[in-house]
Amino acid sequence: MKTILALTLLALCLPTQISADVEDDIKLGIEAVTGYRSAYVYRGFELADSTLDFQLEAEIALNDHTFVNVGAWYATETGNGDFDEAAVFTHLRFEKSDNLTIGLSATYRSYSHSTPPLSVIFEDGVDIGAFVTWHFCKDFSTTLGTYYDTGAEGWYSHLETLWTKPISEKSFVSLRTGVSYVNDYYGRDGLNDAYSRLSLTYHISDTVSVSPFVGGSVLLDNADAGSDQAFGGIWFEVRF
């Protein structure tokens, strides 16, 4: 039944890469994203095996320098898995200059599953945090973010970079890399993982894109609390 529902949603909403990867100058922008990943890895934890996910997001420009993003997503494990996740989120972003962006975020996540691959049961809760991004140039930036998760009753921080490069008028590559630190986060403390994701986005039209990707997570100080992960997948995106 879950697979039928997932495929129905997949047919109804062709997807997107996340809005951070594709800039839009209109006052109100809406994106619908759906995709498949061979494993669902979140903050260094493997929550599920092969997964379908769906996201709807709107970006509202309050003025030339202030933006609000609101949205929701749903993820479901395919095959014999029983993992499901539903979430709603909002981000407030201030572009202080051409180089500096600061922001706040809040996300509520609800989980339904028995025993995930790492035998860690994630709890429902609100994840709140703040981040600052420095744009060295149009194609390269670095972000520092710190978040508190009420479900985990712990802290998560990361330092990551984002590099993009156009390879044609209709396509570009994107490489996101980072390292994370946790404090009493589902039994983990200290340096958590080093992670990366490489994607290729192709604009089928002005409103439709497709993005295959590969990525991975390597545990650091918490190597005894799980295992390294590699995954791949594809996103489809529609912009309104």
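Definitions and cut-offs
Every chain begins its residue count from 1, and numbering advances along the sequence as written. The predicted nature of this model means local features are confined to residues of pLDDT at least 70 and side-chain atom pairs, given and counted, to a pLDDT of 80 or more, with totals for whole chains, interfaces and linings taken over all residues. Side-chain measures were taken over the full set of non-hydrogen atoms in the model, leaving aside hydrogen atoms and water. Secondary structure elements follow DSSP: runs of H or I no shorter than four residues count as helices, runs of E no shorter than two count as strands, and numbering proceeds from the N terminus. Partly exposed residues are those whose accessible area sits between 20% and 50% of the maximum for their type, while under 20% is buried and over 50% is exposed, using a 1.4 Å probe and protein chains only. Contact definition: two residues touch when any of their heavy atoms are within 4.5 Å. For the accessible areas, the method is Shrake-Rupley and the probe is 1.4 Å, while residue cover comes only from the protein chains on display. By nonpolar core is meant a set of buried Ala, Val, Leu, Ile, Met, Phe, Trp, Tyr and Cys residues that side-chain atoms within 4.5 Å join together. Only rings of Phe, Tyr and Trp enter the pairing, Trp through its six-membered ring, and a pair is recorded when the two centres are within 6.5 Å. The plane angle decides the type: under 30 degrees is stacked, over 60 is edge-to-face, the rest tilted. Cation placement over rings: the criterion is NZ of Lys or CZ of Arg within 6 Å of the ring centroid and within 35° of the ring normal. Only residues whose relative accessible area exceeds 30% and that form no salt bridge enter a patch; like-charged residues are grouped when within 9 Å of one another, and nonpolar side chains (Val, Leu, Ile, Met, Phe, Trp, Tyr) when within 5 Å. We count a salt bridge whenever a side-chain nitrogen from Lys or Arg sits within 4 Å of a carboxyl oxygen from Asp or Glu. At least two bridges found by DSSP between two strands are what make those strands a pair.

Visitor: Quick rundown of the overall build of the protein chain? Include the residues and the values.
Guide: When helices and strands are counted, the protein chain shows one helix and 14 strands. Scored against the burial criterion, the 240 residues of the protein chain give a buried share of 48%. Across the protein chain, every contact between residues at least 6 apart in sequence was considered, and the portion connecting residues at least 24 apart equals 49%. By element, 62% of the accessible surface of the protein chain is carried by carbon and sulfur atoms, the whole surface being about 11900 Å².

Visitor: Go over the nonpolar core, please, and point to the residues and values.
Guide: Formed by 17 residues in total, the largest nonpolar core has its most connected members in Tyr42, Phe45, Leu47, Phe122, Tyr185 and Tyr186. Mapped onto this core, the elements with two or more residues apiece are β2 (40–42), β3 (45–48) and β11 (171–185). The greatest single-element share of this core, amounting to three residues, is contributed by β3. Ranked by size, the runner-up nonpolar core spans six residues in total, among them Val33, Ala39, Val41 and Phe213.

Visitor: Tell me about the packing of aromatic side chains, residues and numbers included.
Guide: All chains considered together, the criterion is met by 16 aromatic pairs. Both rings, one in Tyr42 and one in Phe122, keep their centres 6.2 Å apart while their planes meet at 70°; by these two values the pair is edge-to-face. You can see Tyr42 sitting in strand β2 and its partner Phe122 sitting in the loop between β7 (100–112) and β8 (125–137), a full 80 residues away along the chain. Residue Tyr42 shares its accessibility class with Phe122, and that shared class is buried. The interplanar angle of 80° and the centroid separation of 5.7 Å between the aromatic rings of Tyr111 and Phe122 together place this pair among those described as edge-to-face. Here Tyr111 is found in strand β7, whereas its partner Phe122 is found in the loop between β7 and β8, with eleven residues between them in sequence. Look at Tyr111 and you get buried, because its relative accessible area is 11%. Put simply, the rings of Tyr40, Tyr42, Phe45, Phe83, Tyr111, Phe122, Tyr156, Tyr185 and Tyr186 pair up and form one aromatic cluster. Directly above the aromatic system of Tyr156 lies the positively charged group of Arg43, at a separation of 4.2 Å from the ring centroid. Here the guanidinium or amino end of Arg188 rests over the ring plane of Phe45, the centre of that ring lying 3.7 Å away.

Visitor: Give me the lowdown on the environment of His91, citing residues and values where you can.
Guide: In this structure, His91 sits in strand β6 (residues 84–95). Along the sequence, His91 and Thr107 sit 16 residues apart, while their C-alpha atoms lie 8.6 Å from each other. Discounting chain neighbours no more than four positions away, the residues touching His91 are Phe67, Val68, Asn69, Leu104 and Ser105.

Visitor: Got a sec to walk through a nonpolar patch on the surface? Specific residues and values, please.
Guide: A surface patch of nonpolar side chains, amounting to about 680 Å² of accessible area, comprises Ile102, Val132, Leu144, Leu159, Val179, Tyr181, Leu191, Val218 and Leu220. Tracing the sequence through the fold places Val132 in strand β8.

Visitor: Residue-level account of unusual backbone geometry, with values.
Guide: Positive phi outside glycine occurs at Arg43, with the angle close to 55°. Phi angles above zero are rare outside glycine, and Glu153 is one such case at about 55°. Mapped onto the fold, Glu153 is located in the loop between β9 (140–149) and β10 (154–168). Under the relative-accessibility criterion, Glu153 is labelled exposed at 56%.

Visitor: Go over the environment of Ala39, please, and point to the residues and values.
Guide: Structurally, Ala39 is set in the loop between β1 (28–37) and β2. A relative accessible area of 5% places Ala39 in the buried class. Taking the C-alpha atoms as reference points, Ala39 and Ser50, eleven residues apart in sequence, are found 4.8 Å from one another. When residues no more than four places from it in sequence are discounted, the contact partners of Ala39 are Glu46, Ala48, Asp49, Ser50 and Phe231.

Visitor: An account of the pairing of β10 is requested, with residue identities and associated values reported.
Guide: Looking at chain direction, β9 and β10 are connected through ten bridges and run antiparallel. Looking at β10, one finds that Tyr148 is bridged to Trp155. Between β9 and β10, which follow one another and run antiparallel, lie four residues, and Glu153 among them has a positive phi close to 55°. Here 13 bridges tie β10 to β11, and the two strands are oriented antiparallel to one another. Looking at the pairing, Leu162 lines up with Arg176 of β11. Between β10 and β11, which pair antiparallel one after the other, the connecting turn spans two residues.

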